[in-house]
Amino acid sequence: MGRPVLRTPLCDLLGIEYPVLSAGMGPVASGSAPVAVGKLAAAVSNAGGLGVIGGAGFSPERLREEIRNIRQMTDKPFGVDLLLPSNYMGGAASGEMPRDPRDLIPQATYEGLKKIAEDLGVEWKQNPDLADPTRNRPRGGGMSDGQMEVVIEEKVPVFASGLGNPAPWIDRLKANGTRVLALVGNVKNARRVADAGVDVVVAQGTEAGGHTGRIATLALLPQALDAVAPKPVVAAGGIADGRGLAAVLACGAVGAWCGTAFLVADEANQPEMQKERILAAIDEDTRITRLYSGKTMRNITNPLIEAWEAAGFAALPMGLQGVLTGDLMYSIRESGRTELLMNAAGQASGLLTKGRPAADILNDMVAGASEILGRSLAQSVTAIPG
Ligand SMILES: Cc1cc2nc3c(=O)[nH]c(=O)nc-3n(C[C@H](O)[C@H](O)[C@H](O)COP(=O)(O)O)c2cc1C
């Protein structure tokens, strides 16, 4: 069998062979490197898709290094994804940070977390770095500003904003020939980023791993398409094999943006234990929680998430939530209870059965979709337009 053909207008727009993008996945734990490092992105780009670096966890300097690294690993187009949240509580940026950032958080919730830790058998320890003014402070808008300058200076082929609106940067990005994508989880934000001039809207359904909204992919995609037409829309959330890819292309998407499917790629920077948990997961094993970032994030569930949700605590804005949970996460890591740490993954986890190279994941997805769209659909469905 020859190499399958699967093309959409997205292929021409981005200069890629197949309309599959690996999501720019950031770190799964605070302070760690992103899941979607250059190695993963390069593997996807070399296989014909578009690999995207999850730049969110990188300092500007480290991001520049990774962009230069990926250029050594592929001569194909690639992307960089960053989070541009509008409600990031970054005291460090405003200069209003008290000596110990714990002073910013509600004591009752902090004490509640201590109790949860105790119930889970985790010994409570204070993270010494939390009160160190040179380390681990909530990072404000200054962080993403610095990252964006690097994206612009390095003239990356594709930029994707994972949260927020890239509007302030669009003119400079476009002047470099950078294609701009923006992830959205509802129609209102689809319109907002389309009006800002992004090239492609990525409509992400609630099935997705990581930060996610409330509307399912199959319901959101046609509404987003209608709202921003004729702007192209890529679908995300729950797409992990050829069937999902064929479905969203049939619906009118020009491509698929896939995270969970690539979480178990050999090249993903993901702890083995977390990959195994994802491979073992069934359809009902994920849950949305604000515990880890302050924003709604889909994770493989665990007893800590269940206890946090049952307690009904109000989460704090992104950044401050990291201060609130800083001692808890430190205590968990110190006691080796890694199963309680963040393990962002989507509902498609239940579809995944083995870890393998990213190229195999992409090739199977493309082969499956081209088989469905090019052959089996016509055999199993009779459709004659009236
Ligand atoms: C571990 C993990 C980390 C993620 N980090 C980011 C991120 O930093 N920026 C972003 O735009 N999206 C991030 N996402 C969401 C993905 O970009 C993507 O929209 C989502 O994974 C698609 O749904 P799927 O997981 O069902 O394929 C992350 C997803 C996961 C699973």
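Residues numbered from 1 in each chain as written. Predicted model: local features only at pLDDT ≥ 70, side-chain atom pairs only at ≥ 80, totals over all residues. Heavy atoms only, no water.

**Student:** Can you tell me about the packing of aromatic side chains, naming the residues and giving the values?
**Tutor:** Under the definition given, this model contains two aromatic pairs. With centroids separated by 5.5 Å and ring planes inclined at 85°, the aromatic side chains of tyrosine 110 and tryptophan 124 adopt a geometry described as edge-to-face. Of this pair, tyrosine 110 sits in helix 5 (residues 107-119) while tryptophan 124 sits in the loop between helix 5 and helix 6 (141-153), placing them 14 residues apart in sequence. Ring centres of tryptophan 308 and phenylalanine 313 lie 5.8 Å apart, and the angle between their planes is 50°; on these two criteria the pair is classed as tilted. (Phe/Tyr/Trp six-rings, centres within 6.5 Å; stacked < 30°, edge-to-face > 60°. Helix = DSSP H or I, 4+ residues; strand = E, 2+ residues; numbered from the N terminus.)

**Student:** Can you explain unusual backbone geometry? Please cite residues and give values.
**Tutor:** For the bond from alanine 229 to proline 230, the omega torsion is 5°, close enough to zero to count as cis. Topologically, proline 230 is positioned in the loop between helix 9 (217-228) and strand 8 (233-236). Positive phi values are uncommon outside glycine, yet lysine 155 reaches one of about 50°. Relative to the assigned elements, lysine 155 resides in the loop between helix 6 and strand 4 (158-163).

**Student:** So what's going on with the side chain of asparagine 299? Residues and values would help.
**Tutor:** Along the chain, asparagine 299 turns up in strand 11 (residues 297-300). Once residues within four sequence positions are removed from consideration, asparagine 299 is found in contact with Asp285, Thr286, Arg287, Thr289, Tyr292, Ile305, Met342, Asn343, Ala344 and Ala345. (Contact = heavy atoms within 4.5 Å.)

**Student:** An account of the nonpolar core is requested, with residue identities and associated values reported.
**Tutor:** Leu40, Val80, Val201, Leu245, Trp257, Phe262 and Leu304 are the most contacted members of the largest nonpolar core, which has 118 residues in total. Per-element accounting of this core gives the leading share, seven residues, to helix 16 (residues 358-380). Apart from residues lying up to four places away in sequence, valine 201 is in contact with Ala182, Val184, Ala190, Val193, Ala194, Val228, Lys231, Pro232, Val233 and Val234. (Core = buried A, V, L, I, M, F, W, Y, C linked by side-chain atoms within 4.5 Å. Buried < 20%, exposed > 50% of the residue type's maximum accessible area, 1.4 Å probe, protein only.)

**Student:** Could you give me a rundown of the sheet that holds strand 11, with the residues and numbers involved?
**Tutor:** Taken together, three strands build an open sheet; the order of strands is 7-11-10 and the sheet is antiparallel. Edge positions in the sheet fall to strand 7 (210-211) and strand 10 (286-289), since each of these pairs with one other strand and no more. Of the pairings in the sheet, the one linking strand 7 to strand 11 comprises two bridges and is antiparallel in character. Residue pairing for strand 11: histidine 211 is matched across the bridge by methionine 297. Across the sheet, helix 13 (residues 303-311) lies against strand 10 and strand 11, angled at about 45° from strand 10, the strand it touches most. (Pairing = 2+ DSSP bridges. Axes fitted to C-alpha atoms, helices over the stretch in contact; angles between N-to-C directions.)

**Student:** Mind laying out the site of the ligand, listing which residues take part and the relevant values?
**Tutor:** Residues in contact with the ligand amount to 22 residues; listed here are only the nearest, Asp81, Gln204, Gly238, Gly259 and Thr260. Glycine 209 is positioned such that a nitrogen or oxygen atom in its backbone is 3.0 Å from an oxygen atom of the ligand. Contacts to the ligand include threonine 260, whose side-chain N or O atom sits 2.5 Å from an oxygen atom. Within the complex, 96% of the 600 Å² of free accessible area of the ligand lies under protein. Mapped onto the shell around the ligand, the elements with two or more residues apiece are strand 3 (78-83), strand 9 (255-258) and helix 11 (260-263). (Near = heavy atom within 4 Å. Polar contact = N/O pair within 3.5 Å; in protein donor to acceptor, adjacent residues only side chain to side chain. Areas by Shrake-Rupley, 256 points an atom, 1.4 Å probe, with all protein chains shown as cover.)

By themselves, these are just geometric observations and shouldn't be taken as functional.
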